[in-house]
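Residue-level structural notes
The chain contents come next:
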Amino acid sequence: MVVLLALLAAHGCRQRAGHEVVVYTSVDQVFAEPVFRAFEERSGIHVRAVFDTEETKSTGVVNRLIAEAGQPQADAFWSGDPVRPFLLIQRGLVVPYPSPEAAAIPAAFKAADGMWTGTAARARVLLVNRDRVAAGTEPRSIRDLADPRWKGRAAIANPLFGTTTMHVAALFASWGDADATAFLRALKANGVRIASSNGEVKRLVVAGEVSFGVTDTDDAHEAVAGGAHVEVVYPDADGAGTLVMPTSVVVLKGGPNPATAHALVDYLLSADAERRMAENGAHMPLRRDVPVPDGVRRVGDVRAMAVDYARVAAAMEAIQPALREWSGL
Amino acid sequence: MSGSRWQEPVITAVASAAILVVCFAPLAALAVDAASAASTANVSLWRLTQLFASTVVTAGAVTLVALGIGIPLGVLLARTDLPGRRAALILHAFPLFVPPFLLALGWFHLARADGALGSVLAAAALFGRAGLIAVLGLALTPAATALTMLGVDGIDPALEEAARTVARPAVVVRRILLPLARPALALAGLVVFALAFSEIGVPMFLRVRTYPAAVLARLGGIAYAPGEAFLLVLPLLGLALVLAIIERRFGGLRTLSALGVRTDRPRWPLGRWRWPVAIACWLVVAAGVAPFAAVAAEALASDRLGEAVTPAIPSVWNSLRVAAITATVVTAGGLVLARALVNRGRASRAVDALAALAFITPAAALGTGVTIVWNRPTTGFIYTAPMILVVGLAGRYAVLGIRPLAAVLSRTPPHIDDAARAAGASYLRRLGRIVVPMHRRAIVASWMLVAVFALRDLETVILFYPAGEEPLMVRIFTLEANGPPAVIATLALLQVGLTALTLAAGVALLGRRR
Amino acid sequence: MTAALELANLSVRRGAAAVLADVDLSLAPGEIVALLGPSGAGKSTIVRVALGLMAPTTGTVAIDGRLASSGSRVLVPPEERGMGVVFQDLALWPHLTVRDNLAFALHGRRLGREETAARISSLLDDLGIAALDRRYPGALSGGERQRVAIARALVGDPTAILLDEPLANLDLVLKTELLGVFQRVLRRGRTSTLYVTHDPREAAVLADRVAVLETGRITHLGSPTAIARDPRTPFARAIASELVSTLSATDGRAHE
């Protein structure tokens, strides 16, 4: 019994092992982990990470950060979308850090004071099943989701979670409340399938259960790379533009290791990190000097929707009740 | 020797306090949070009630499926000469110890277009309420089978034999065995219902909306409002209380007969029914095991297994370590509390009831409570360490250490302990030299049960696992978002392997009958 | 001379029902007292109270002059009372050998290893079961188990020993054999004994005095002969003939 207690004590307690950094991230683990490993190798700093699960299944890493605000456990937050960090910024949980690497990031995708900085991005695209959609008749715009031509043949992920929330909020911010609400209603009327996640949308399209779906570039790229007979369409290329969602890095206030936090942020914004995200995760680099593999575009080569991410963040909170009603909770 | 008088009350109090802290504190913290926050419950009551009701119905359907298959199977395995009984039981029981989410994953691999059972029909049927009921029903059937077997085995053979002189086996089963085994069957129903109701992974995977999933979604949505989440949790706690009361009424401690009971009574010959029944049984077993095969096939089809496994090794170690420590702590504390329970201590009954409540409470609520309680400056050294996983899991599964041991202890003649007391043995000495050696098998079985549940756990630990110290199930879940299916399948196999290893170790320890 | 065991004014109530009422009983050193009564009379309750497993509602229990229980409080816990007990189901610890069963009872005495071994061996010898010392209770016959049980009760040199219907479930041959064993061992060792039974024949053979317990009260207290001569209750009248016939059959030999 004494031995057991000693074991418990030794194993249970955390010793602050000096050279480490704690990062919470909602970037997909498959992509983020190699980046962290690369950072570890270069810097010798040990990375302890908390990942988000499939968007619907977790408390959300953001909520965990808020829950732990009284006693912060994380140094940095690498968000899979540019909007969620605002939830932390609004609550005063973030400190600005203008990284030297941020110079190469376009102004539209960062805060001037270094509160948040964007890096490797995704875009909201239409993934189209070539077997169920004849050439030349593909959907070209996000509004096609409400087009009766596609009744019951489209899919979108649950707008309560993940990048879909951001997308809907961006529509609210961009089209105005009335138009956006009408659009949501039209989606329902048009029998759009609500999937639990973007990955699910991809599965549905690849399996041929729907003709097309709205998903993220990385999911779409994976479908293509997996050999499925699908096509990626960047919607509204000749209209309002495609919604670009850079991943976003913030430094948390009161984190245990501020110095190493800066080092990690510097790396995440670097060309090397963007290259890895492009190669492993089909993320679109924001920097102009990063090589891209086949099928991946640089943000600079896409018509991007003009977006004020702070406004979108506000819209996200505001539309919560309406969204919940719409999706049934 | 007068110093030994304090042993029993102090040790019992310490064990009870520890169990109270891990089981009750999180719930209390959540309640306090709810009370103090001005929670604007921004929810539609009507919709919620609908969702709650539909989830109750779904869980009920799962229970019916599990009992409908498990009770007959249990009787067949317990009392007939079915060929290959032992193997059937082992294979059949195994899926119970694996997170149902993995089973759903396996069914998906089987049912999708290019899967072994692939057809559009199969895939469509899987994703929906019917599929949920089928998958969960199959996953939880072994609980009904095992409890039925224990219930039937515990019946005095003389009763059965007396009946056999006047009626055929089928009638004996219907009119004598099953009614006498009612406490065990009721417990089976309750366990299956509780597990089915609070299950989150499978409904989410199969795109069925359930109440606990909605609560989790509420916690995981944009606005972090634990107070509001707690309000949503209240009906669940209410349900848990109802289940706990029903369970008490149906027998509480009497529901489990001693583990490892010898069944050397003569078995009923099935005669000409032997092969048809055997085939039916083995079909059920096969249905339970099929998802594993699918997952294994998926994993082995890939040539990058090493890549998947190597980074997961720390997770494997975390899982095993945490499970072992949790099981040890819970079994030790549970033994002390079980003794107090059997001696009818009133306080210990309250602690036991709270432990049961913590088990039935949805993990999301418990996890949030754990964070509130332990993430403070004074207790930070626990919160940021793997210890917090032990704390959280011990709170969730304490009841699995207490109940089985209490059931076994209550079947031990009290004079065994009285004689030891009269012979001058102190509490600790009795515990160490009499209770533990006499009930070695039950203690090992209890340890195994807790360890396997700790290994299998996902929803409890996902909310507060320390950065970089994730258990294997968490890793599987976080990777599932976008990991290659082969990698997920490999890790799933690894998880299954860990479970099998733990069970095998336990069975080996239980093995030798004196 | 201080009584080995003294129960004074003992009452035990369970709820509204009186299980024991005003029981006065004392056991002189070396004396064998039989507690005789029908089922449900409260005999086992007296054993539990005497052992300290249960507290009386009112009244006192004194062991060797020392107050052990008093008015709903157990002052001396069971493990410190130095009493020996043989329960009806014997309660031999199934996972310990015969020798270890006895050794366990000697733990508190802090005797040296040799002395422990010697004491155990001599007692087992005395009871004729020395050859069984490495066996487990499960491998013994009924009669052998009884001997082990009484050995275990005696090995610690107790102030008094309580036997709670030890022969209740045995056949006549075994009963007779074991009664002889009890007689020899208890009488010869001058062990103060409270022998609980519902069988008047056992009481007649073994006891110096008999206490008749009916629905929680002691109705008769005296030598078997005295009770047989003057029974005052229906139960006593019913057993009187048994007492007499047993006494005459053994010809008073029990009290040698």
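Rules behind the numbers
Residues numbered from 1 in each chain as written. Chains lettered and ligands numbered in written order. Predicted model: local features only at pLDDT ≥ 70, side-chain atom pairs only at ≥ 80, totals over all residues. Heavy atoms only, no water. Helix = DSSP H or I, 4+ residues; strand = E, 2+ residues; numbered from the N terminus. Buried < 20%, exposed > 50% of the residue type's maximum accessible area, 1.4 Å probe, protein only. Contact = heavy atoms within 4.5 Å. Areas by Shrake-Rupley, 256 points an atom, 1.4 Å probe, with all protein chains shown as cover. Rg over C-alpha atoms; globule rule 2.2 N^0.38 Å. Buried area = accessible area lost by both parts, 1.4 Å probe. Salt bridge = Lys/Arg side-chain N within 4 Å of Asp/Glu carboxyl O. Polar contact = N/O pair within 3.5 Å; in protein donor to acceptor, adjacent residues only side chain to side chain. Nonpolar A, V, L, I, M, F, W, Y, C, P; charged D, E, K, R; others polar. Phe/Tyr/Trp six-rings, centres within 6.5 Å; stacked < 30°, edge-to-face > 60°. Lys NZ or Arg CZ within 6 Å of the ring centre and 35° of its normal. Pairing = 2+ DSSP bridges. Axes fitted to C-alpha atoms, helices over the stretch in contact; angles between N-to-C directions. pLDDT = per-residue confidence, 0-100. Core = buried A, V, L, I, M, F, W, Y, C linked by side-chain atoms within 4.5 Å. Domains from an automatic or database assignment. Parallel < 35°, antiparallel > 145°, perpendicular 65-115°, else oblique. Patch = residues over 30% accessible without salt bridge, like charges linked within 9 Å, V, L, I, M, F, W, Y side chains within 5 Å. Right-handed = clockwise from strand over helix to strand, strands pointing away. Expected span 1.5 Å × (residues − 1). Bend = angle between axes of the 7 residues up to and from the residue.

With that out of the way, let us pick up the overall build of chain B. What chain B contains, in helices and strands, is 24 helices and 0 strands. Split into buried and exposed, the 514 residues of chain B put 60% on the buried side. The contacts of chain B with a sequence gap of at least 6 include a subset with a gap of at least 24, amounting to 84%. Entry remark: accessible area of chain B is about 19900 Å², with carbon and sulfur atoms responsible for 69%.

The subject of this paragraph is the overall build of chain C. When you go through chain C residue by residue, the secondary structure sums to 8 helices and 11 strands. Since a compact globule built from 256 residues should have a radius of gyration of about 18 Å, the 18 Å found for chain C is in line with a globular shape. Seen through its C-alpha atoms, chain C measures out along the principal axes to roughly 50 × 45 × 35 Å. The buried share among the 256 residues of chain C stands at 55%. Here the analysis covers contacts within chain C between residues at least 6 apart in sequence; of these, 63% occur between residues at least 24 apart.

Before going further, it helps to spend a moment on helix 20 (residues 415–422) of chain B. Burial within helix 20 of chain B is extensive, with 8 of its 8 residues counted as buried. His-415, Ile-416, Asp-417, Asp-418, Ala-419, Ala-420, Arg-421 and Ala-422 of chain B are the residues of helix 20 of chain B that are buried. Buried residues belonging to helix 20 of chain B abut helix 15 (313–342) and helix 21 (427–438) of chain B together with helix 1 (43–51), strand 7 (83–86), helix 2 (98–105) and helix 4 (142–154) of chain C. Among the residues trailing helix 20 of chain B, Gly-424 of chain B stands out with phi positive, at a value near 100°.

Each partner contributes residues to the interface: chain B has 22 residues there, and chain C has 22 residues. Carbon and sulfur atoms make up 60% of the surface buried where chain B meets chain C, a total of about 2200 Å² over both sides. When the shortest N-O distance is used, the salt bridge between Arg-421 of chain B and Glu-79 of chain C registers 3.1 Å. Inspection of the region where chain B meets chain C yields 5 residue pairs in polar contact (both at pLDDT 80 or more). Contributions of two or more residues to the side of chain B that touches chain C are made by helix 20 and helix 21 of chain B. Top contributing element to the side of chain B that touches chain C by residue count: helix 20 of chain B, with 7 residues. Looking at side-chain class alone, the side of chain B that touches chain C contains 11 nonpolar, 4 polar and 7 charged residues.

We now examine the packing of aromatic side chains. On inspection of all chains with the given rule, the structure shows 17 aromatic pairs over all chains. Between Phe-94 of chain B and Phe-292 of chain B, the aromatic rings sit 5.5 Å apart at their centres with planes inclined by 50°, giving tilted as the arrangement. Taken together, the positions of Phe-94 of chain B in the loop between helix 3 (85–93) and helix 4 (100–111) and Phe-292 of chain B in helix 13 (residues 274–300) put the pair 198 residues apart, joining distant regions of the chain. Taken as a pair, Phe-94 of chain B and Phe-292 of chain B share a single burial class, namely buried. Pairing Phe-359 of chain B with Phe-453 of chain B gives two aromatic rings, centres 6.5 Å apart and planes at 70°, and the pair type is edge-to-face. With Phe-359 of chain B in helix 16 (residues 346–360) and Phe-453 of chain B in helix 22 (residues 440–456), this pair connects stretches of sequence that are 94 residues apart. Here Phe-359 of chain B falls in the buried class, since its relative accessible area comes to 14%. On the accessibility criterion, Phe-453 of chain B (9% relative accessible area) is buried. Taking NZ or CZ as reference, Arg-203 of chain A lies 5.6 Å from the ring centre of Phe-108 of chain B, over its face.

Let us now look at the side chain of Glu-68 of chain A. When you line up the elements, Glu-68 of chain A lands in the loop between helix 3 (61–67) and strand 3 (76–79). Note on Glu-68 of chain A: relative accessible area 1%, which makes it buried.

With respect to the helices, strands and loops of the structure, Thr-97 of chain C is situated in the loop between strand 7 and helix 2. Sequence-distant contacts of Thr-97 of chain C, that is, excluding residues within four places in its chain, are made with Asp-133, Arg-134, Arg-135 and Tyr-136 of chain C.

Applying the stated criterion to the full structure yields 47 salt bridges over all chains. Linking Arg-37 of chain A and Glu-40 of chain A is a salt bridge whose minimum nitrogen-to-oxygen distance equals 2.9 Å. Taken together, the residues span about one helical turn, with Arg-37 of chain A and Glu-40 of chain A both in helix 2 (residues 29–43) at a distance of 3 residues. Glu-40 of chain A sits in the buried class, given a relative accessible area of 17%. For Arg-209 of chain C, the salt bridge goes to Glu-31 of chain C, with nearest N and O atoms at 2.5 Å. Taken as a pair, Arg-209 of chain C in strand 10 (residues 209–214) and Glu-31 of chain C in the loop between strand 2 (17–27) and strand 3 (32–36) lie far apart in primary sequence, 178 residues in all. On the basis of relative accessible area, Arg-209 of chain C is assigned to the partly exposed category, the value being 23%. Bridged by salt links that share partners, the residues Glu-33, Arg-37 and Glu-40 of chain A together with Glu-470 and Arg-475 of chain B form one connected network.

The subject of this paragraph is the sheet that holds strand 3 of chain C. Residue and element names in this part refer to chain C. Taken in spatial order, the 6 strands of this open sheet run 7-8-9-3-10-11, and their pairing is mixed. Looking at which strands have only one partner, the edges of the open sheet turn out to be strand 7 and strand 11 (217–222). This sheet shows a mean twist of 15° between the axes of neighbouring strands, independent of strand direction. Sheet topology note: the strand 8 (residues 160–164)/strand 9 (residues 192–197) ladder contains 5 bridges and is parallel. Within strand 9, the residue paired with Leu-163 across the bridge is Tyr-195. Helix 1 contacts strand 3, strand 7, strand 8, strand 9 and strand 10 of the sheet and is inclined by roughly 150° relative to strand 8. In the packing of helix 8 (residues 234–250) onto the sheet, the strands contacted are strand 3, strand 10 and strand 11, and the crossing angle to strand 10 comes to about 140°.

This part is about the confidence of the model for chain B. Chain-level statistics for chain B give a pLDDT mean of 80 and a share of 87% at 70 or above. Low pLDDT, under 50, characterises residues 253–262 of chain B; the predicted model gives this stretch 30 contacts beyond four residues in sequence or across chains.

In this structure, Tyr-24, Phe-77, Leu-88 and Leu-145 of chain A together with Ile-388 of chain B are the most contacted members of the largest nonpolar core, which totals 217 residues. Sort the elements by how many residues they give to this core and helix 19 (residues 387–410) of chain B lands first, with 16 residues. Both domains that furnish three or more residues to this core are identified here as domain 1 (1–27 + 302–514) and domain 2 (41–289) of chain B. Residues within four places of Leu-145 of chain A in sequence aside, it is in contact with Ala-154, Ala-155, Ile-156, Phe-183, Leu-187, Asn-190, Val-192, Phe-212 and Val-214 of chain A. Grouped together as the second largest cluster of nonpolar side chains are 78 residues, Ala-420 of chain B together with Ile-46, Met-83 and Ala-153 of chain C included.

Okay, the packing of helix 5 (residues 162–175) of chain A against helix 11 (residues 309–318) of chain A next. All names here are of chain A. Running from N to C, helix 5 and helix 11 point in directions that differ by 105°, and their axes come no closer than 8 Å. By the criterion of interaxial angle, the relationship of helix 5 to helix 11 is roughly perpendicular. Residue-level contacts link Thr-165, Met-166, Ala-169, Ala-170 and Ala-173 of helix 5 to Tyr-309, Arg-311, Val-312, Ala-315 and Met-316 of helix 11. In terms of residue class, the contact of helix 5 with helix 11 is made up of 8 nonpolar, 1 polar and 1 charged.

Our focus in this paragraph is a nonpolar patch on the surface. On the surface, Trp-6, Val-10 and Val-14 of chain B cluster together into a nonpolar patch covering about 290 Å² of accessible area. Relative to the elements of secondary structure, Val-10 of chain B occurs in helix 1 (residues 7–36).

This part covers the pairing of strand 1 (residues 20–25) of chain A. Residues and elements named next belong to chain A. With respect to burial, strand 1 is a largely interior element, 6 of its 6 residues being buried. Judged by which residues are buried, strand 1 turns out to be covered on both faces: Glu-20, Val-22 and Tyr-24 on one side and Val-21, Val-23 and Thr-25 on the other are all buried. One ladder, built from 6 bridges, connects strand 1 with strand 2 (residues 46–51); its direction is parallel. Its bridge partner being in strand 2, Glu-20 is matched across the sheet by His-46. For the handedness criterion, the β-α-β arrangement of strand 1, helix 2 and strand 2 is classed as right-handed. Sheet analysis places strand 1 next to strand 3, joined by 3 bridges and oriented parallel. Its bridge partner lying in strand 3, Thr-25 is registered against Trp-78.

Another point: helix 13 of chain B. Residue and element names in this part refer to chain B. In this model, helix 13 (27 residues) spans 36 Å end to end at C-alpha, consistent with the 39 Å of a helix rising 1.5 Å per residue. A bend of about 40° at Val-289 is the largest found in helix 13, and the proline Pro-291 appears one to four places after it. Where helix 13 is concerned, the buried positions are Val-277, Ala-278, Cys-281, Val-285, Gly-288, Pro-291, Phe-292, Ala-294, Val-295, Ala-296, Glu-298 and Ala-299.

Residues and elements named next belong to chain C. Overall, antiparallel pairing links the 5 strands, which are arranged 2-1-4-5-6 in an open sheet. Taken across any chain shown, the strands that pair with only one partner, and hence form the sheet edges, are strand 2 and strand 6 (73–74). Direction of pairing for strand 5 (residues 66–70) relative to strand 6: antiparallel, over a ladder of 2 bridges. Opposite Ser-69, over in strand 6, you have Val-74 as the bridge partner.

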